Every structure is written in C-alpha cells, then in structure tokens.
Amino acid sequence: MKNLVEVITKALVDDPSSVVVEEKQEGRTTVIEVRVAEGDMGKVIGKQGRIAKAIRSVVKAAAAKEDKKVAVEILQ
C-alpha cells in the first residue's frame, strides 16, 4: 500500500523528492502518513479535498482486495 500511495503522490506534485510516505500499524488498521512540500499541499488535497478523497478510495479498494483496513493521512 505504501508504494501505491507514494507513486500516486509523486505523480501529482512538483517536487517528488520531498514526498515522504510512512506506514504505521495502529491496532488492526494500517495508517499511511504522507508528507509533501508546503507548496504541493494544494495539489495533493485538491479542490474541496477531491484528490485526497480519490487517493483514499483507490487505497481502500486495494486494501479490500487484501482484506486489510488502511487509512491515509496527509500531513504537512
């Protein structure tokens, strides 16, 4: 899942080298934290959060195939 989020995020931003994706386990849920450069936050979140929602939907679908629960958090 981490690789999937990393590939999607790097494709969206102007500065792919600043993208940091970390994976943490919280109980039965895997939390994927995404950090990007301050100038790229808008590109990852999108208008009214549409891009962020789309990323979460793709990850949720991929996680459902593997019978896992995954949450994506976009941090600054």
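Residues numbered from 1 in each chain as written. Predicted model: local features only at pLDDT ≥ 70, side-chain atom pairs only at ≥ 80, totals over all residues. Heavy atoms only, no water.

**As for the overall build of the chain**
Each helix and strand counted, the chain has 3 helices and 3 strands in total. The N-to-C order of helical and strand elements in the chain reads α-β-β-α-α-β. On C-alpha atoms alone, the chain measures out to a radius of gyration of 12 Å, which is about the 11 Å that the 2.2 N^0.38 rule sets for 76 residues. For the chain, the spread of C-alpha atoms along the principal axes amounts to about 35 × 20 × 15 Å. (Helix = DSSP H or I, 4+ residues; strand = E, 2+ residues; numbered from the N terminus. Rg over C-alpha atoms; globule rule 2.2 N^0.38 Å.)

**A word on the sheet that holds strand E3 (residues 69-75)**
Spatial strand order, E1-E2-E3: 3 strands in an open sheet with mixed pairing. The open sheet has two edge strands with one neighbour each: strand E1 (20-26) and E3. Ignoring which end each strand starts from, the neighbouring axes of this sheet average 20° apart. Bridge count between strand E2 (residues 29-35) and E3: 7 bridges; the pairing is parallel. Bridging across to E3, Glu-33 finds its partner in Glu-73. (Pairing = 2+ DSSP bridges. Axes fitted to C-alpha atoms, helices over the stretch in contact; angles between N-to-C directions.)

**What to know about the pattern of salt bridges**
For the coordinates displayed, the defined rule picks out 6 salt bridges. Across the salt bridge formed by Glu-33 and Lys-24, the nearest N and O atoms sit 3.4 Å from each other. For Lys-24, a relative accessible area of 38% gives the class partly exposed. Where Glu-33 meets Arg-35, a salt bridge forms, and the shortest distance between an N and an O atom there is 3.5 Å. When salt bridges with common partners are traced through the structure, they connect Glu-22, Lys-24, Glu-33 and Arg-35 into a single cluster. (Salt bridge = Lys/Arg side-chain N within 4 Å of Asp/Glu carboxyl O. Buried < 20%, exposed > 50% of the residue type's maximum accessible area, 1.4 Å probe, protein only.)

**Things to note about the nonpolar core**
Grouped together as the largest cluster of nonpolar side chains are 16 residues, with contacts concentrated most on Val-5, Ile-32, Val-34, Val-36, Val-44, Val-59 and Val-72. If one sorts the elements of this core by residue count, helix H3 (residues 50-65) sits on top with 4 residues. (Core = buried A, V, L, I, M, F, W, Y, C linked by side-chain atoms within 4.5 Å.)

**Here we look at the environment of Val-34**
Note that Val-34 resides in strand E2. Expressed as a C-alpha distance, the spacing of Val-34 and Leu-75, which sit 41 residues apart in the sequence, is 5.8 Å. Sequence-distant contacts of Val-34, defined by excluding residues within four places in its chain, comprise Val-5, Thr-9, Val-20, Val-72, Glu-73, Ile-74 and Leu-75. (Contact = heavy atoms within 4.5 Å.)

**Description of the environment of Val-19**
Its place among the elements puts Val-19 in the loop between helix H1 (2-12) and E1. According to the relative accessible area criterion, Val-19 is buried, its value standing at 7%. Residues Val-19 and Val-7 lie 12 residues apart in sequence; the distance between their C-alpha atoms is 9.8 Å. Beyond its immediate stretch of four places on either side in the chain, Val-19 contacts Thr-9, Lys-10, Val-13, Arg-35 and Val-36.

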